[in-house]
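Residues per chain, in single letters:
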Amino acid sequence: MNWNPEQYLKFVEARRRPALDLIARLGGKSPSRIVDLGCGAGNITRLLADHWPQAAITGVDSDPAMLAKASSTASSIDWQRIDISSWHASVAPDLIFSNAALHWLADHQALLPRLIGQLAPAGVLAVQMPSNFSSPSHQILRKLADDQRWQTRLGGVALGKVLSATEYHRLLTPYCRHLEVWETTYWQALSGDDAIIEWMKGTTLVPFLARLDAATAEKFLAAYRAPLAIVYPRSADGRTLFPFKRIFFVAQR
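As the structure is a prediction and not an experimental result, all values here were calculated from the model. (Residues numbered from 1 in each chain as written. Predicted model: local features only at pLDDT ≥ 70, side-chain atom pairs only at ≥ 80, totals over all residues. Heavy atoms only, no water.)

A. Highlighting the overall build of the protein. A count of helices and strands for the protein gives eleven helices and seven strands. The C-alpha atoms of the protein give a radius of gyration of 19 Å, which matches the 18 Å a tight globule of 253 residues would have. Expressed along its principal axes, the backbone C-alpha trace of the protein runs to roughly 50 × 40 × 35 Å. The proportion of buried residues among the 253 residues of the protein is 51%. Sequence separation of at least 24 residues holds for 76% of the intrachain contacts in the protein that already meet a minimum separation of 6. Of note, the protein has its 27 positive side-chain charges centred 2 Å away from the centre of its 22 negative side-chain charges. (Helix = DSSP H or I, 4+ residues; strand = E, 2+ residues; numbered from the N terminus. Rg over C-alpha atoms; globule rule 2.2 N^0.38 Å. Buried < 20%, exposed > 50% of the residue type's maximum accessible area, 1.4 Å probe, protein only. Contact = heavy atoms within 4.5 Å. Lys, Arg positive; Asp, Glu negative; His and termini not counted. Charge placed at Lys NZ, Arg CZ, Asp CG, Glu CD.)

Spelled out as structure tokens, the structure:
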């Protein structure tokens, strides 16, 4: 996938809020070594650096454009281009933090115990992921991609996937001395024209649009836009309300 940092950061405040909530849940912890898995453009990694200025921090991502944006501002953060699925800690971190990234990876039953196993003793795995794959925005997209007009190119494209809160609790409990799992729905009021499309172009639409040429992509977006406008109407103040559920967990080894 080819990510566009500028597109992703169009709604930077709304994307930042869940990460701030996850950081707040970590309380008075003072990790000395932190890894941000799926660091993207680095804006959340810098929040970690501001919150724990004494820590050695590594940002890990597989996308060169995102990492170029992340490293464009001088910092002490170590940026590494590695796929999360093949990442392995050279030194056990006290905190593995991942904000809106792990839903792109399959087999969480194997992935998450492997990540917890790389933590230092009493280390923490803190994760936030979208959990809105049954929402109209995603169901309309899935139905459209499976339509005969697009199925050959888009039928197999993944939207991402997460387990339920119950499944994460059952999966993680055997590996943890302390575990918290919770969900939050953020009622995002997005500004600007075509707000839902612009939001989705920064994340969920990336693998879909990567398979289409420019002209075909415009036709696809036009077909997607019409039903979205019915479900998510723009209000009189120019904003579009876009409820977005996210799942969190904090697992201490």
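B. Here's a closer look at the packing of helix 5 (residues 108–117) against helix 8 (residues 165–172). Two numbers describe how helix 5 lies on helix 8: the axes approach to 10 Å, and their chain directions differ by 50°. As far as their axial angle goes, helix 8 and helix 5 are oblique. Judged by the twist between their axes, the crossing of helix 5 over helix 8 is right-handed. Residues His108, Gln109, Leu112, Pro113 and Ile116 of helix 5 form the contact with helix 8, whose participating residues are Tyr168, Leu171 and Leu172. (Axes fitted to C-alpha atoms, helices over the stretch in contact; angles between N-to-C directions. Parallel < 35°, antiparallel > 145°, perpendicular 65-115°, else oblique. Left-handed = near helix turned anticlockwise from the far one by under 90°.)

C. Layout of the nonpolar core. Core analysis: the largest hydrophobic core is formed by 55 residues, its most contacted members being Leu112, Leu115, Leu125, Tyr168, Tyr224 and Phe249. Beyond its immediate chain neighbours, meaning those up to four positions away, leucine 115 contacts Leu37, Trp87, Ile96, Leu102 and Leu125. (Core = buried A, V, L, I, M, F, W, Y, C linked by side-chain atoms within 4.5 Å.)

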